[in-house]
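# Descriptive structure summary
Residue strings, one per chain:
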Amino acid sequence: MKILSAEQIREADRYTIQNRPIASIDLMEAAASAWVETFLQSLLYSHRKSIIIVCGPGNNGGDGLAIARMLKPLNNVTVYLMPSDNYSPDNLANQQRLRESGIQPLLLHTTDILTLPPDAVLIDALYGSGLNRPLTGLSADIVRKINASGVPVAAVDLPSGMFADSNDHNTLHTIVKASLTITFHLPKLALLMMPTGELAGEIKIVNIGLDSSFIDQQESPHHLQDADSVKVLYRPRSLWMHKGQAGRGLLIGGIGHTAGAVLLASSAALRSGIGLLYTACGLRAAQALPVHRPEAIALDLNETDLPDLVSSLEPDAIAIGPGLGTSQASAELLNEILEYPIPTVLDADALNLIAKHRWLHRLGPNHLITPHPKEALRLFGQAKPFEFHQNLLKFSQSSKTVIAFKGRFTRIYTPEGIVWFNNSGNHGMATAGSGDVLTGVLLALLAAGYPVAQAARLGVWLHGAAGDAALLRLNSPESLIAGDIINHLHQAFHQLSSST
Ligand SMILES: NC(=O)C1=CN([C@@H]2O[C@H](COP(=O)(O)OP(=O)(O)OC[C@H]3O[C@@H](n4cnc5c(N)ncnc54)[C@H](OP(=O)(O)O)[C@@H]3O)[C@@H](O)[C@H]2O)[C@@H](O)CC1
Ligand SMILES: Nc1ncnc2c1ncn2[C@@H]1O[C@H](COP(=O)(O)OP(=O)(O)O)[C@@H](O)[C@H]1O
Ligand SMILES: [K+]
């Protein structure tokens, strides 16, 4: 699914109204109705006694007024409206319709008028994608009052005060903090990135019938990746396959007390279809691996000459980093690995070493780096979130390196300038070792011969989908551990293969 800019969304809106048999006011009615349908199914709605709706002067406010009219037969609804001498035409039309339905909106001249009972839910329809400057004055005061009240908020299209794209020049305390954001038709960039994404709460996207041919023609570097978009990448195994064709992988890490990192990565690689796995690690891990995962071949790094190993093994892919440490000896191992033109996943301490030794310029088209935010900061330096995003995009394009920037919506930056925001995974995966599991999955896919960007996209999705299957089973994000992700990889693969 494409992610369009605020400007492109406005264009899609205009194009739909001009080229489809639908008037602007009817599009607003469709949007409000789709929003209400989703809202009525939410937990937020089911737990609350009364509904407060705050409406702005534009079309976002117009949506709010229409939503109020639709919810009125079911609920105790109070509507507040920002004073303005510049209401949009559809906002005015909906003010009229609301009054005709028997609701008189209260004009929000001052924050004192706004009453926020603790058992209410607030519907935020102040500003949406038409925000053109950070909120100040009365609007900002209203937002601060809403945020301080603790009343749960369901946002219409976007939490008010948030720009759909970059918020680098915005102030976070003038953005509504929502528990649920029901956004129209397409995801917005700011909903998928920190720190703004966290202010949106749960995100739901509702179709409002914008012209799909127009959207298809729009150019955008940003896409949301779901099961359907990765299914086309998946290559089922041949019935006549032998293990030599499933790929040979070399995993390097697990030195000293971080033995567990390679145990997890090894298990994940094996559960992701690798044909042969050699795990070169510290003594402790080399002794534990045959007990924990006898399918892997454990090699003690102290007794291994890396160039000899690589030339005798001829691995199809390498992964280095989990539990590698940042010692001089580890740096020498990495220095060697960076010379090989073999598809390679670089994670954890491999990334810290690259930052420490300023080796970023050595990365190229055979490399896939998987930094979490802290590792990415060490690699690429501090920048505001949107600028940081642009920096990653530029680096991927210029160096031809694929980046999987990990987080809630892990972003896969590909050298052709496309960024995929991955839509699988959950908060239960914020647990020690889940990144090591991802490294193992990616190693297996690279070893199987997937091109680097495809392996990254497929691997990140599979990892998240396995996490989702684990959460479904366990029903507790707190109890989910990295091993559970490995134990559910089969379900993620099954989802891919079931409809191909
Ligand atoms: N696109 C679609 O598909 C559909 C879109 N729909 C809906 O329309 C929404 C977009 O509506 P929109 O364009 O009217 O903009 P909106 O967010 O209401 O804000 C504009 C108003 O706010 C004002 N204003 C701006 N910044 C301000 C500030 N900092 N502080 C104070 N005021 C500020 C600005 O006035 P200004 O002061 O700039 O003259 C203007 O009055 C979209 O999010 C969705 O909900 C659906 O109905 C149907 C399909
Ligand atoms: N809130 C979340 N929602 C979705 N995925 C998450 C969330 N938190 C973490 N993850 C995923 O879990 C993994 C964590 O990786 P990482 O931070 O490297 O963990 P570790 O270093 O403990 O192995 C990443 O793949 C990340 O995308
Ligand atoms: K809003």
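Note that the structure is a prediction, hence the values are computed from the model and not measured. (Residues numbered from 1 in each chain as written. Chains lettered and ligands numbered in written order. Predicted model: local features only at pLDDT ≥ 70, side-chain atom pairs only at ≥ 80, totals over all residues. Heavy atoms only, no water.)

## As for the site of ligand 2
Around ligand 2 lies a shell of 17 residues, among which Lys406, Gly407, Thr410, Gly433 and Gly435 are the nearest. Measuring from an oxygen atom of ligand 2, one finds a side-chain N or O atom of serine 434 at 3.1 Å. In the model, an oxygen atom of ligand 2 is placed 3.4 Å from a nitrogen or oxygen of the aspartate 436 main chain. For ligand 2, the protein covers 78% of the area, taking 580 Å² as the surface of the free molecule. Sort the elements by how many residues they give to the shell around ligand 2 and helix α18 (residues 434–447) lands first, with three residues. Residue classes in the shell around ligand 2 are distributed as three nonpolar, 11 polar and three charged. (Near = heavy atom within 4 Å. Polar contact = N/O pair within 3.5 Å; in protein donor to acceptor, adjacent residues only side chain to side chain. Areas by Shrake-Rupley, 256 points an atom, 1.4 Å probe, with all protein chains shown as cover. Helix = DSSP H or I, 4+ residues; strand = E, 2+ residues; numbered from the N terminus. Nonpolar A, V, L, I, M, F, W, Y, C, P; charged D, E, K, R; others polar.)

## What to know about the coordination of the potassium ion (ligand 3)
Surrounding the potassium ion (ligand 3) are the protein donor atoms Asn60 (OD1), Asp124 (O), Tyr127 (O), Val156 (O), Leu158 (O) and Ser160 (OG), which sit 2.5 to 3.0 Å from the metal. Around the potassium ion (ligand 3), the six donor atoms sit at angles spanning 65 to 175°, and that spread fits a shape best called irregular. Site description for the potassium ion (ligand 3): donor spacing in sequence, N-x63-D-x2-Y-x28-V-x1-L-x1-S. With a gap of 67 residues between them, asparagine 60 in helix α4 (residues 59–71) and tyrosine 127 in the loop between β4 (120–125) and α6 (137–149) connect regions that are remote in the sequence. Residue classification places asparagine 60 among the buried positions, given a relative accessible area of 8%. Residue classification places tyrosine 127 among the buried positions, given a relative accessible area of 18%. (Donors = N, O, S within 2.8 Å, 3.2 Å for Na, K, Ca; no water. Tetrahedral: all angles 85-135°; square planar, octahedral: opposite > 155°, others 65-115°. Buried < 20%, exposed > 50% of the residue type's maximum accessible area, 1.4 Å probe, protein only.)

## A look at the domain arrangement of the protein chain
Each domain of the protein chain was delimited in the assignment, giving domain 1 (4–219) and domain 2 (228–496). Taking only C-alpha atoms, the centre of domain 1 and the centre of domain 2 are 40 Å apart. By the criterion of area lost to domain 2, the three top residues of domain 1 are Asp168, Leu192 and Met193, representing 60% of everything that side buries. On the surface where domain 1 and domain 2 come into contact, there are three residue pairs in polar contact (both at pLDDT 80 or more). The leading source of residues in the side of domain 1 that touches domain 2 is helix α7 (residues 189–192), at three residues. (Domains from an automatic or database assignment. Buried area = accessible area lost by both parts, 1.4 Å probe.)

## Regarding the confidence of the model for the protein chain
Across the protein chain, the average pLDDT comes to 96, with 100% of residues at 70 or higher. This prediction of the complex comes with two scores: 0.96 for pTM and 0.94 for ipTM. (pLDDT = per-residue confidence, 0-100.)

## Remarks on the pattern of salt bridges
Throughout the structure, instances matching the rule amount to 12 salt bridges. Two residues, aspartate 157 and lysine 188, come together in a salt bridge whose shortest N-O distance is 3.3 Å. Taken together, the positions of aspartate 157 in the loop between β5 (153–156) and β6 (180–184) and lysine 188 in the loop between β6 and α7 put the pair 31 residues apart, joining distant regions of the chain. In terms of burial, aspartate 157 and lysine 188 fall into one category: buried. (Salt bridge = Lys/Arg side-chain N within 4 Å of Asp/Glu carboxyl O.)

## Brief notes about the pairing of strand β11 (residues 297–300)
Relative to β11, strand β10 (residues 276–281) is paired through four bridges, and the arrangement is parallel. Paired with alanine 280 across the strands is leucine 299, a residue of β11. (Pairing = 2+ DSSP bridges.)

## A closer look at the packing of helix α11 (residues 259–270) against helix α12 (residues 283–292)
Between α11 and α12, the shortest axis-to-axis distance is 9 Å and the interhelical angle comes to 35°. Read as a crossing pair, α11 and α12 show a hand that is right-handed. Residue-level contacts link Ala259, Val262, Leu263, Ser266 and Ser267 of α11 to Arg284, Ala285, Ala288, Leu289 and His292 of α12. Considering only residue class, the contact of α11 with α12 consists of six nonpolar, three polar and one charged. (Axes fitted to C-alpha atoms, helices over the stretch in contact; angles between N-to-C directions. Left-handed = near helix turned anticlockwise from the far one by under 90°. Contact = heavy atoms within 4.5 Å.)

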